[in-house]
Amino acid sequence: MSKLEKVRGMHNIPIEETHQWSHVLNFSEKLMKSFSYSEIRLPIIEYTNLFERSVGTETDIVNKEMFTFNSKSKKSLTLRPEGTAGCMRVAISQGLLDKGPQRLFYSGPMYRYERPQKGRNREFFQFSAEVFGIESMTAELEVFQIIETIINKYKINDSWLEINSLGSEEDQKNFSKALQSFLKPLKSKLDKDSQNRLEKNPLRILDSKSTETKKILMNAPRISEFRSKDSTTNFSLLKNLLSDFGIKYKENENLVRGLDYYNDAVFEWKSDSLGSQNTFCAGGRYDSLAKKLGGRQIPAVGASLGIDRLIIACKDKYKFPLQRQIAVIVLDRNFLKQGNIISEKIRLNFPSTAVRFSGLNINLKSELKRASKNNFNFAIILGREEVESSTYTIKDLDSERNYEKLSEEELISFLK
Ligand code: ATP
Ligand code: MG
């Protein structure tokens, strides 16, 4: 029979990596709570029109990256490609937006039908923060502070923050028109993707990777020329705040996002260790999303951290602490009870230590070999002599040294 394979682009995380994932998620969750954010849990499946109305029908995500299928009752459903739209949907339907500013976070898998490569999967994991109901730049600032704390914690010292302001919805429309008129006569010189975007989503041409297109863009109209007075003032204010708080940034006038709902501030953190998929965190302000989804106008800011890419970016930089592991080995089936009791005592005294009781596997040599191979730190051995004298032998598996005849008390203080 042929072997069953994993679905292309789905991501199973190998067990050697899962402790890194838990570490990042635990740290981020605690951090969010320390900033007084509440966790919200969202469904993975949504009605397709949620994303059409928010992310936008002319974006790559909605156009070609969604996993869409029909329910049995012929309703179009989609595996969420991102979380912001679902989060806003819930906030509107539960009336959260009427209860004053909301600071929310969530994490989970997202699905996009893309070509799998380093840092790009069809199933990937995001950790996201969303702030609803705060008009001032302090919302952006708070999100920056949070993401910077995570970046510093995981020592991603080859990363940098890029920011831009897309201006208001109106500014974006005017700029898009100008860009379109400028590029139309040059259409044949643009790369294929950009040619396709010219009619429907010209703004996205700005982040084309083609050198030829980039060259043409050097003489194109600039977004800053189209920003309204308010947006310009707000952007200056944000940059001043960033400088005041010692957060370094690069301004990138070509930074646009792949989703339609953004206005004013947009931002991305990039790292040199990621290759061509170099953005590992991205976000921006999206003051019009609530209205697009049937709510009232509510200012909003959010950022999404790609955990898959963060794990790649901190490789060889941050040393994830390993859990201490102890193997308890009995040399006779009559000592099962004693073995079990001491295992429980150690678990109680050291809740973050992993204690594996060998049970009825009473071959000392093979148990020690297995423990060493699995990076256990200590083995506690219970043979006849130990049981008769109520003592324990403990072996340091790194140094291979034995410590014999320890009383229970001595054993516990040894492990301290
Ligand atoms: P890209 O330009 O790399 O396609 P994006 O702009 O589509 O990214 P966002 O929608 O901003 O990505 O998602 C936020 C973050 O989620 C990204 O910065 C990245 O870390 C992660 N991400 C997005 N798509 C993928 C994917 N297909 N595989 C792995 N991570 C992803
Ligand atoms: Mg993408």
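Residues numbered from 1 in each chain as written. Chains lettered and ligands numbered in written order. Predicted model: local features only at pLDDT ≥ 70, side-chain atom pairs only at ≥ 80, totals over all residues. Heavy atoms only, no water.

### Observations regarding helix α13 (residues 364-373)
For α13, every residue scored as buried is listed here: Glu367, Leu368 and Ala371. Down the axis of α13, the buried side of the element spans an arc of 100°, and every buried residue falls inside it. Seen from the buried face of α13, the exposed residues on the opposite side, beyond 90 degrees, are Lys365, Lys369 and Lys373. Buried residues along α13 sit against β12 (325-330), β14 (378-382) and β15 (392-396). Its side-chain oxygen 3.2 Å from the backbone nitrogen of Lys365, Asn363 forms the N-cap of α13. One or two steps after α13, the chain reaches Asn375, where phi turns positive at roughly 60°. (Buried < 20%, exposed > 50% of the residue type's maximum accessible area, 1.4 Å probe, protein only. Helix = DSSP H or I, 4+ residues; strand = E, 2+ residues; numbered from the N terminus. Arc of directions from axis to C-beta. Contact = heavy atoms within 4.5 Å. Polar contact = N/O pair within 3.5 Å; in protein donor to acceptor, adjacent residues only side chain to side chain.)

### Some words on the domain arrangement of the protein chain
Domain boundaries assigned for the protein chain yield domain 1 (15-168 + 244-313), domain 2 (171-227) and domain 3 (325-415). The C-alpha-based centres of domain 1 and domain 2 are spaced at 25 Å. Across the interface of domain 1 and domain 2, roughly 1,400 Å² is buried in total on both sides, 39% from carbon and sulfur atoms. Between Glu253 and Arg222 there is a salt bridge whose closest N-O contact spans 3.5 Å. For the side of domain 1 that touches domain 2, the secondary structure elements donating two or more residues are α3 (60-64) and β7 (159-165). Looking at the side of domain 1 that touches domain 2, its residues break down into three nonpolar, nine polar and six charged. (Domains from an automatic or database assignment. Buried area = accessible area lost by both parts, 1.4 Å probe. Salt bridge = Lys/Arg side-chain N within 4 Å of Asp/Glu carboxyl O. Nonpolar A, V, L, I, M, F, W, Y, C, P; charged D, E, K, R; others polar.)

### Brief notes about the nonpolar core
By size, the foremost hydrophobic cluster in this structure holds 45 residues, and its most contacted members are Met88, Phe132, Leu183 and Tyr286. Listed by contribution, the elements that provide at least two residues to this core are α2 (48-54), α3, α4 (84-93), β5 (102-111), β6 (123-132), α6 (169-183), α8 (211-217) and α10 (289-292). Sort the elements by how many residues they give to this core and α4 lands first, with five residues. Per-domain counts for this core show at least three residues from each of domain 1 (15-168 + 244-313) and domain 2 (171-227). Setting aside chain neighbours within four positions, we find Met88 in contact with Leu97, Phe132, Tyr286, Leu289, Ala290, Leu293 and Ala300. If you look at the next biggest cluster of nonpolar residues, it comprises 44 residues, including Tyr37, Leu141, Leu242 and Phe280. (Core = buried A, V, L, I, M, F, W, Y, C linked by side-chain atoms within 4.5 Å.)

### What to know about the sheet that holds strand β2 (residues 45-47)
Taken in spatial order, the three strands of this open sheet run β2-β4-β3, and their pairing is antiparallel. Looking at which strands have only one partner, the edges of the open sheet turn out to be β2 and β3 (67-70). On average, adjacent strands in this sheet sit at an angle of 35° to one another, irrespective of strand direction. As paired strands, β2 and strand β4 (residues 76-79) are joined by three bridges and run antiparallel to one another. Paired with Glu46 across the strands is Thr78, a residue of β4. (Pairing = 2+ DSSP bridges. Axes fitted to C-alpha atoms, helices over the stretch in contact; angles between N-to-C directions.)

### Overview of the site of ligand 1
Near ligand 1 there are 15 residues, and of these Arg112, Glu114, Arg120, Asn121 and Arg257 occur at the shortest range. Taking Arg257, its side chain carries an N or O atom lying 2.3 Å from an oxygen atom of ligand 1. Contact distances for ligand 1 include 3.0 Å between an oxygen atom and a side-chain N or O atom of Arg309. Protein contact buries 89% of the 580 Å² of open area that ligand 1 shows by itself. Every element with two or more residues in the shell around ligand 1 is listed here: β6, β10 (279-285) and β11 (300-306). Looking at the shell around ligand 1, the element that brings in the most residues is β10, giving four residues. Taken together, the residues of the shell around ligand 1 sort by class into four nonpolar, six polar and five charged. (Near = heavy atom within 4 Å. Areas by Shrake-Rupley, 256 points an atom, 1.4 Å probe, with all protein chains shown as cover.)

### With respect to the side chain of Asn263
Of note, Asn263 is situated in strand β9 (residues 263-271). Looking at Asn263, its side chain comes within polar contact range of the main-chain nitrogen of Asp287, at 2.7 Å. Leave out the neighbours within four places in its chain, and Asn263 touches Gly167, Gln172, Arg285, Tyr286, Asp287 and Ser288.

### Things to note about the packing of helix α5 (residues 138-153) against helix α9 (residues 229-244)
A packed helix pair is summarised by two numbers, namely the angle formed by the two axes and the spacing between the axes. For the pair α5 and α9, interaxial distance at closest approach is 10 Å and the crossing angle is 40°. In this structure, α5 crosses over α9, and the sense of that crossing is right-handed. Counting all contacts with α5, which are made through Glu140, Leu141 and Phe144, the residues of α9 involved are Leu238, Leu241 and Leu242. Looking at side-chain class alone, the contact of α5 with α9 contains five nonpolar, no polar and one charged residues. (Left-handed = near helix turned anticlockwise from the far one by under 90°.)

### Regarding the packing of helix α12 (residues 336-349) against helix α15 (residues 408-415)
The N-to-C vectors of α12 and α15 enclose an angle of 40°; their axes lie 11 Å apart at closest approach. Judged on the interaxial angle alone, α15 and α12 are oblique. The element α12 and its partner α15 pack so that their crossing is right-handed. Between α12 and α15, the contacting residues are Ile342, Lys345, Ile346 and Asn349 on the first element and Glu408, Leu411, Ile412 and Leu415 on the second. Looking at side-chain class alone, the contact of α12 with α15 contains five nonpolar, one polar and two charged residues. (Parallel < 35°, antiparallel > 145°, perpendicular 65-115°, else oblique.)

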